[in-house]
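Report on the structure
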Amino acid sequence: MSLNETRTSSSLSSRKGWIILGVAAVVLFGAMAASTKVVVVGSADDVRKKVFSKEEYGAAKFPDVQKFILEHAVDSKELGAAIATDATAAGTKYGVATNTGPVIPVTFTGTAGEGSSGIYKVAVDGLPEGTLVRVQMGPAINGTDLRDATGTIKFGQFTNQIEYQDAGSALNNEMKKQTLAGIDAANLTGKKITVTGVFKLINPKGWLVTPVKASVE
């Protein structure tokens, strides 16, 4: 083979190589384009981390929690008798299970007694002897009873434990706005109050109620 023929063959081979690479590149970019999805910012497909807003969560979820508690609240006399007979059975019948005891919705009317840090003892007629009822009237509302009351708010719905805890405080804060805002929580001693709320059944003789509805006479 002559030198010219050798150069021609080499040139052709080089061109074929570039053509093959070019075709491969076109196929690759075509495949990439076909598998690429355009996501509009703010759309349902925008999966970027959204910052958890306690205010928005509380405002959105509290009405459902309140409705559930109002619809399922048990009269305190009926509940007291059931707990005195069999606390475990009463918790199963009337409450929603949690890792630390059932959360039970209850409604009662009584006379507010001594208060401490916004928590008032309430004398309620018809309860088993020795039963102590207390109610949180603010400004500080503690616990996660509102969050746990329905059994529908689960840890897996949140990014981490901090958000899960924040969900509880968000509901407490919204409850204060919607339920306790018009109540003079500093001056309830001796007044008749009607409360619907929830408490965690840990001590059958001690109920610490978080209200979702309250009125003062």
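Calculation criteria
Residues numbered from 1 in each chain as written. Predicted model: local features only at pLDDT ≥ 70, side-chain atom pairs only at ≥ 80, totals over all residues. Heavy atoms only, no water. Pairing = 2+ DSSP bridges. Helix = DSSP H or I, 4+ residues; strand = E, 2+ residues; numbered from the N terminus. Axes fitted to C-alpha atoms, helices over the stretch in contact; angles between N-to-C directions. Parallel < 35°, antiparallel > 145°, perpendicular 65-115°, else oblique. Contact = heavy atoms within 4.5 Å. Nonpolar A, V, L, I, M, F, W, Y, C, P; charged D, E, K, R; others polar. Buried < 20%, exposed > 50% of the residue type's maximum accessible area, 1.4 Å probe, protein only. Polar contact = N/O pair within 3.5 Å; in protein donor to acceptor, adjacent residues only side chain to side chain. Expected span 1.5 Å × (residues − 1).

As paired elements, strand 3 (residues 119–123) and strand 4 (residues 132–136) share 4 bridges and run antiparallel to each other. Opposite Tyr120, over in strand 4, you have Val135 as the bridge partner. Bridge count for strand 4 against strand 6 (residues 206–216) is 4 bridges, and the pairing is parallel. Following the sheet pairing, Val135 is matched in strand 6 by Val209.

Viewed as axis vectors pointing N to C, helix 3 (residues 76–85) and helix 4 (residues 87–94) meet at an angle of 135°, and their least axial separation amounts to 5 Å. The angle between the axes of helix 3 and helix 4 places the two elements in the oblique class. Of the residues in helix 4, those touching helix 3 at Glu78, Leu79, Ala82, Ile83 and Thr85 are Ala87, Ala90 and Tyr94. Residues belonging to the contact of helix 3 with helix 4 are distributed by class as follows: 6 nonpolar, 1 polar and 1 charged.

As for its placement among the helices and strands, Ile193 is situated in strand 5 (residues 192–200). Taking relative accessible area as the criterion, Ile193 reaches 2% and is therefore assigned buried. The spacing of Ile193 and Glu217 is 24 residues in sequence and 6.3 Å in space, taken between C-alpha atoms. Setting aside anything within four residues of it in sequence, one finds Ile193 in contact with Phe108, Thr109, Gly110, Ala112, Val122, Val135, Ser215 and Val216.

Bringing the side chain of Glu163 into the picture now. Here Glu163 shows up in helix 6 (residues 161–180). On the accessibility criterion, Glu163 (11% relative accessible area) is buried. A polar contact of 3.2 Å, which involves the side chain of Glu163, links it to the backbone nitrogen of Thr159.

Our next topic: helix 6. Helix length check: helix 6 (20 residues) gives 28 Å between terminal C-alpha atoms against 28 Å at 1.5 Å per residue, within 8%. Buried residues along helix 6 sit in contact with helix 2 (54–72), strand 4, helix 5 (145–148) and strand 6. For helix 6, the side-chain oxygen to backbone nitrogen distance between the N-cap and Ile162 is 3.1 Å, and the N-cap itself is Asn160.

That's the geometry; what it means functionally is another story.
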